[in-house]
Amino acid sequence: MRKPIIAGNWKMYKTLEEGEELVNLLKRQLYDVEDIDIVLCPPFTHLAYIADMLESSNILLGAQDMHWEEEGAYTGEISGPMLKCAGCKFVLIGHSERRQFFGETNESVNKKLASALNNGLTPIVCIGEDLKQREKGITFDLISQQLELGLKAIAPERLKEIIIAYEPVWAIGSGKVATSEQAQEVHRYIRDWLSKNYSSALAQETRIQYGGSVKPDNIAGLIAQEDIDGALVGGASLDADSFSAIVRESKKG
Ligand code: 13P
């Protein structure tokens, strides 16, 4: 049985003060949740501070991106060892906003993924098609290409340490959630792909999250789907009541 995982991607929102207030509320509202992994991904500048706040709580910390080198002359970048010592357990890799605005490619995703694993971070690898690609009917081709190039040369025994996040770009921040059936169809495709390219046992162990306009009123339908193991939440993770409600609705039946 795969443990559900709900992650909040704060993107470039919340000052440290605002983030502190949100974390305090979430700690109070979610302290008794045991069977769901809860992850917060605040901006880099907040990580170490929030790591201290989350110590001995049931909420885990993640970053929104990383560089693949351990260190070097890469002004403005943050490495895996830096995230690790700031208290991160997770890191988002290849978010569509990184792909769209900052030149992230499947090749850089692959290098970051290897570095995350080497540094003991759990990568959440984001994939998904945009509206044009969906309308052209090439969603599955695109997904399989993102998986093939993104996961290239990753040893099979590392697969279960990786989380895949399916985020259709057209559903992000748009209020247009994929229907549970649309999401399940792609999640099933991803699990079948993993099964074909690794093994069915490994595919069964790998967690696949859905992301894109997840809200308290649509999470139950999504999580009820066989191959949906959690959610990567943007906008609704910025509000304590919404995020807590999403976490509480995420128990697998
Ligand atoms: P929204 O939940 O705001 O659509 O964002 C989804 C997302 O991009 C999470 O990474």
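Residues numbered from 1 in each chain as written. Predicted model: local features only at pLDDT ≥ 70, side-chain atom pairs only at ≥ 80, totals over all residues. Heavy atoms only, no water.

Asks: Mind laying out the sheet that holds strand E4 (residues 90-93), listing which residues take part and the relevant values?
Replies: Read around the barrel, 8 strands follow the order E1-E2-E3-E4-E5-E6-E7-E8 and close on themselves; strand pairing throughout is parallel. Between one strand axis and the next, the sheet turns by 25° as a mean value, whatever way the strands run. Bridge count between strand E6 (residues 163-166) and strand E7 (residues 207-211): 4 bridges; the pairing is parallel. Within E7, the residue paired with isoleucine 164 across the bridge is isoleucine 208. (Pairing = 2+ DSSP bridges. Helix = DSSP H or I, 4+ residues; strand = E, 2+ residues; numbered from the N terminus. Axes fitted to C-alpha atoms, helices over the stretch in contact; angles between N-to-C directions.)

Asks: How would you sum up the packing of aromatic side chains? Please name residues and give values.
Replies: Tallying each qualifying case throughout the model produces 3 aromatic pairs. Pairing phenylalanine 101 with phenylalanine 102 gives two aromatic rings, centres 6.4 Å apart and planes at 80°, and the pair type is edge-to-face. Residues phenylalanine 101 and phenylalanine 102 agree in their burial class; the two are exposed. Sitting over the ring of phenylalanine 102, arginine 98 keeps its end group 4.1 Å from the ring centre. (Phe/Tyr/Trp six-rings, centres within 6.5 Å; stacked < 30°, edge-to-face > 60°. Buried < 20%, exposed > 50% of the residue type's maximum accessible area, 1.4 Å probe, protein only. Lys NZ or Arg CZ within 6 Å of the ring centre and 35° of its normal.)

Asks: Explain the packing of helix H1 (residues 16-30) against helix H11 (residues 240-248) to me, using residue names and the numbers behind them.
Replies: A pair of packed helices is captured by two measures, namely the crossing angle of their axes and the spacing between those axes. At a closest axis distance of 9 Å, the pairing of H1 and H11 adopts a crossing angle of 35°. For the element pair H1 and H11, the recorded crossing hand is right-handed. For the pair H1 and H11, contact is made by Leu22, Leu25, Leu26, Gln29 and Leu30 and by Ala240, Asp241, Phe243, Ser244, Val247 and Arg248, respectively. Among the residues forming the contact of H1 with H11, the class breakdown is 7 nonpolar, 2 polar and 2 charged. (Left-handed = near helix turned anticlockwise from the far one by under 90°. Contact = heavy atoms within 4.5 Å. Nonpolar A, V, L, I, M, F, W, Y, C, P; charged D, E, K, R; others polar.)

Asks: Describe the nonpolar core, and please don't skip the residues or the numbers.
Replies: Formed by 63 residues in total, the largest nonpolar core has its most connected members in Leu151, Ile190 and Tyr210. Beyond its immediate stretch of four places on either side in the chain, leucine 151 contacts Asn110, Leu113, Gln146, Leu159, Ile162, Trp193, Leu194 and Tyr198. With 11 residues, the next largest nonpolar core counts Phe90, Leu92, Ala165 and Leu232 among its residues. (Core = buried A, V, L, I, M, F, W, Y, C linked by side-chain atoms within 4.5 Å.)

Asks: Describe in detail the site of the ligand, supporting the description with residues and values.
Replies: Around the ligand, the surrounding shell consists of Asn9, Lys11, His95, Glu167, Ala171, Ile172, Gly173, Gly212, Ser213, Leu232, Gly234 and Gly235. Residue asparagine 9 places a side-chain N or O atom 3.1 Å away from an oxygen atom belonging to the ligand. Contact distances for the ligand include 3.0 Å between an oxygen atom and a side-chain N or O atom of glutamate 167. Its free accessible area being 310 Å², the ligand has 97% of it covered by the protein chains. (Near = heavy atom within 4 Å. Polar contact = N/O pair within 3.5 Å; in protein donor to acceptor, adjacent residues only side chain to side chain. Areas by Shrake-Rupley, 256 points an atom, 1.4 Å probe, with all protein chains shown as cover.)

Asks: Could you give me a rundown of the layout of surface pockets, with the residues and numbers involved?
Replies: Roughly 560 Å³ of internal volume is contained in the largest pocket. Lys11, Met12, Gln64, Arg98 and Phe102 are the residues nearest the centre of the largest pocket, which is lined by 20 residues in total. A breakdown of the residues in the lining of the largest pocket according to their chemical character gives 10 nonpolar, 5 polar and 5 charged. Of the pockets and cavities examined, the second largest pocket occupies roughly 210 Å³. The wall of the second largest pocket is formed by 14 residues, among which Arg99, Gly128, Gln133, Gln146 and Val169 lie closest to the centre. Grouping the amino acids of the lining of the second largest pocket by side-chain chemistry returns 3 nonpolar, 7 polar and 4 charged. (1 Å grid on protein atoms, 1.4 Å probe; cavity = no way out; pocket = protein on both sides within 12 Å on 5 of 7 lines; lining within 4 Å. Points joined across faces, edges and corners; volume = space filled by probe spheres on them.)

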